[in-house]
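Given next are the chains, with one letter for each unit.
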Amino acid sequence: MDRQRRTLLQALAATVGSAATLALPAAHARPARAADFHRAVAADPLLRPFAGVADAPEGLASDNPLLRGRWPAELRGRLHRNGPALYERGGERYHHWFDGDGMVQQFAIEGGRVRHRGRLVQTAKLRAERAAGRFALPAFGTTVENPLPLSGADSVNPANTSVLEHGGRLLALWEGGSAHELDAADLSTRGPVTWRDDLKGLPFSAHPKVGADGTLWNIGTAGAHLVVWQIGADGRLQRAQLGAHPYPHGMVHDFAITDRWLVVPLPPVRFAFDNEAREGPRRFPMDAGQPLRVLIARKDDLARQRVLELPPQFVFHVGNAHEERDGTVVLGYVGAPDNAFLDCGAVALMRGERPLPAPAGTCIARLDPVRGTARVQQLDDAVEFPRVHPACVGRRARWLVSACGAPRGSAGTNALLRGVQVLDTETGRVQRFDYGEQAIAEEHIVVPRPGRSGERDAWLLGTVYDARRDATVLNLLDLARVEDGPLAQAVLPYRLPLGFHGHFRAT
């Protein structure tokens, strides 16, 4: 057996072992909170999207949502979104937002019309628990009693974090297991993707980056190993590399690319699934006083890497990165002083409580991989889900789009995201649109206008939950004039669970 294959098998074993640690018997299992949640949601309409959906294979569909404004005839394509959606089974309710089984939404836009489809991803986990009539497999933030035996990381894969169309495939993505391929025509599940037989089951994470040449880069973590994937524009595997993970058992959620580098934030948060009390803050401890580490590794040789340090911060999401002429790597990300939302906020939502505002803001770090220096500046606050123009991924991008919280000084009690903003990273100027006190804004995606090449020649597509209508609304805005609000809207006749990430594919 050659050395590379031995290393791959060791990484796969570590992945299986990581899943198995979730299955340890609970010493302090917490009671289900379904009744508590439903009492709370009756009094707080903004919590309704966290009720989730039932396990219905046919899903949701609307061919004629209520259209407002004018949907441009030249806008043609599919917007897909993914997120946790099934939270209750057998009278039990998950304890953490990130545990719900994934549901992919499709908005098909053509000829001024919008159609919606939504279906749960039919994973091995979902099928096994449907047959068992209960939550029977380990979950990220919920201790499950008497779990079924595991056969690998994909036994617990909910496919609930992101979605991407690439190389003719529609992929539903999760943090720690395989991508799941779906049929773009009807969102039926084709099954886990095996890029190569000896790579079966290795983590293919939820935040791949597609560069200007169409190459897809992705990462995964397996114990002491970092897996780097390189997929061609045709959807075929070009290369898979394994390198040393500089912060084993730590959280790695997102990353960025430049022309030469992979840039991976490593917040000082550990997964402590084997603690005696494994829910709440002890499950995801943040090491006090430890820095935010940033791994910079050569795309063509993972052994050529350096770890730089920034002040202590927690990071979920990266906006973009690029290289300056002098070799400095500029990284934009959303940083928070602690991991309170991961530990507490996402748990509170499942109980029927609204968390306090997360003080996360856009940070711009300047990293010198040669001299080993690093410094950071924060430009705003109360933002999440940063996105840039797709042609700027890995290159200089001036305009950064994010979902945002309430404007400073505004009245009201909505501490969730409720607007969209465009940040000029050169001047710090912000343009924003606020959907209002009774709205929850989700990620907004940059969609280039056909035949235009300018960074601001683009629309924004984003979904919002409107509590006044108890419905999800798809919004189209002009990136250059976001403060004017939606140019057009499609109001669904139902609400969708709040999701995480999406992707637009022009047709």
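Residues numbered from 1 in each chain as written. Predicted model: local features only at pLDDT ≥ 70, side-chain atom pairs only at ≥ 80, totals over all residues. Heavy atoms only, no water.

Considering the packing of aromatic side chains
Geometry of an aromatic ring pair is reported as the spacing of the ring centres plus the angle between the planes.
For step 1, the next point in the chain: Scanning the model with the defined rule gives 13 aromatic pairs in all.
For step 2, the next point in the chain: Ring geometry for phenylalanine 98 against phenylalanine 500: centres 5.5 Å apart, planes inclined by 90°, an arrangement best described as edge-to-face. Here phenylalanine 98 is found in the loop between β5 (92-93) and β6 (101-110), whereas its partner phenylalanine 500 is found in the loop between β31 (488-491) and β32 (501-506), with 402 residues between them in sequence.
For step 3, the next point in the chain: A residue is classified by how much of its surface remains accessible, and phenylalanine 98, at 16% relative accessible area, is buried.
For step 4, the next point in the chain: Assessed through its relative accessible area of 8%, phenylalanine 500 is described here as buried.
For step 5, the next point in the chain: A network of ring pairs unites the aromatic residues Phe50, Trp97, Phe98, Phe140, Phe284, Phe314, Phe316, Phe341 and Phe500 as a single cluster.
For step 6, the next point in the chain: A cation sits over an aromatic face here: lysine 209 above phenylalanine 255, 5.0 Å from the ring centre. (Phe/Tyr/Trp six-rings, centres within 6.5 Å; stacked < 30°, edge-to-face > 60°. Helix = DSSP H or I, 4+ residues; strand = E, 2+ residues; numbered from the N terminus. Buried < 20%, exposed > 50% of the residue type's maximum accessible area, 1.4 Å probe, protein only. Lys NZ or Arg CZ within 6 Å of the ring centre and 35° of its normal.)

Observations concerning the packing of helix α2 (residues 34-43) against helix α4 (residues 340-351)
When two helices pack together, their arrangement is given by the angle between their axes and by how far apart the axes lie.
For step 1, the next point in the chain: Relative orientation of the contacting elements α2 and α4 amounts to 80°, with a least axis distance of 7 Å. With respect to α4, the element α2 is oriented roughly perpendicular. Contacts from Asp36, Phe37 and Ala40 in α2 reach Leu349, Met350 and Arg351 in α4.
For step 2, the next point in the chain: Its residues assigned to classes, the contact of α2 with α4 comprises 4 nonpolar, no polar and 2 charged. (Axes fitted to C-alpha atoms, helices over the stretch in contact; angles between N-to-C directions. Parallel < 35°, antiparallel > 145°, perpendicular 65-115°, else oblique. Contact = heavy atoms within 4.5 Å. Nonpolar A, V, L, I, M, F, W, Y, C, P; charged D, E, K, R; others polar.)

A closer look at the side chain of threonine 463
For step 1, the next point in the chain: Tracing the chain through its elements places threonine 463 in strand β29 (residues 458-466).
For step 2, the next point in the chain: Judged by its relative accessible area of 1%, threonine 463 falls in the buried class.
For step 3, the next point in the chain: Separated by 3.2 Å, the side chains of threonine 463 and arginine 81 make a polar contact.
For step 4, the next point in the chain: Among the polar contacts made by the side chain of threonine 463, one reaches the side chain of glutamate 442 at a distance of 2.9 Å.
For step 5, the next point in the chain: Other than its neighbours up to four places away in sequence, threonine 463 contacts Arg81, Phe107, Ile440, Ala441, Glu442, Glu443, His444, Thr472, Val473, Leu474 and Asn475. (Polar contact = N/O pair within 3.5 Å; in protein donor to acceptor, adjacent residues only side chain to side chain.)

Regarding the confidence of the model for the protein
For step 1, the next point in the chain: Across the protein, the average pLDDT comes to 91, with 90% of residues at 70 or higher.
For step 2, the next point in the chain: With pLDDT under 50 throughout, residues 23-32 is counted as low confidence; its partners more than four residues away or in other chains account for 23 contacts. (pLDDT = per-residue confidence, 0-100.)

As for the pattern of salt bridges
For step 1, the next point in the chain: By the definition in use, this model includes 36 salt bridges.
For step 2, the next point in the chain: Residues arginine 366 and glutamate 324 are paired through a salt bridge, measuring 3.2 Å at the closest nitrogen-oxygen approach. Of this pair, arginine 366 sits in strand β22 (residues 361-368) while glutamate 324 sits in the loop between β20 (314-323) and β21 (329-336), placing them 42 residues apart in sequence.
For step 3, the next point in the chain: Accessibility expressed as a relative area gives 18% for glutamate 324, which makes it buried.
For step 4, the next point in the chain: Through salt bridges with shared partners, one network takes in Arg81, Arg387, Glu442 and Glu443. (Salt bridge = Lys/Arg side-chain N within 4 Å of Asp/Glu carboxyl O.)

What about the sheet that holds strand β19 (residues 301-310)?
For step 1, the next point in the chain: The strand order across the open sheet formed by 4 strands is β16-β17-β18-β19, and the pairing between neighbours is antiparallel. The sheet is open, and its two borders are formed by β16 (256-257) and β19, each paired with just one other strand. (Pairing = 2+ DSSP bridges.)

Concerning α2
For step 1, the next point in the chain: Buried residues of α2: Ala34, Phe37 and Val41, and no others. One side of α2 carries all its buried residues, which in axial view fall inside an arc of 60°. Across α2 from its buried face, at more than 90 degrees, point the exposed residues Arg39, Ala42 and Ala43.
For step 2, the next point in the chain: Here the buried face of α2 lies against β4 (88-89), β5 and α4. (Arc of directions from axis to C-beta.)

Some remarks on the pairing of β19
For step 1, the next point in the chain: As paired elements, strand β18 (residues 292-298) and β19 share 7 bridges and run antiparallel to each other. When the bridges of β19 are listed, valine 294 appears paired with leucine 308.
For step 2, the next point in the chain: Count of turn residues in the β18/β19 antiparallel hairpin: 2 residues.

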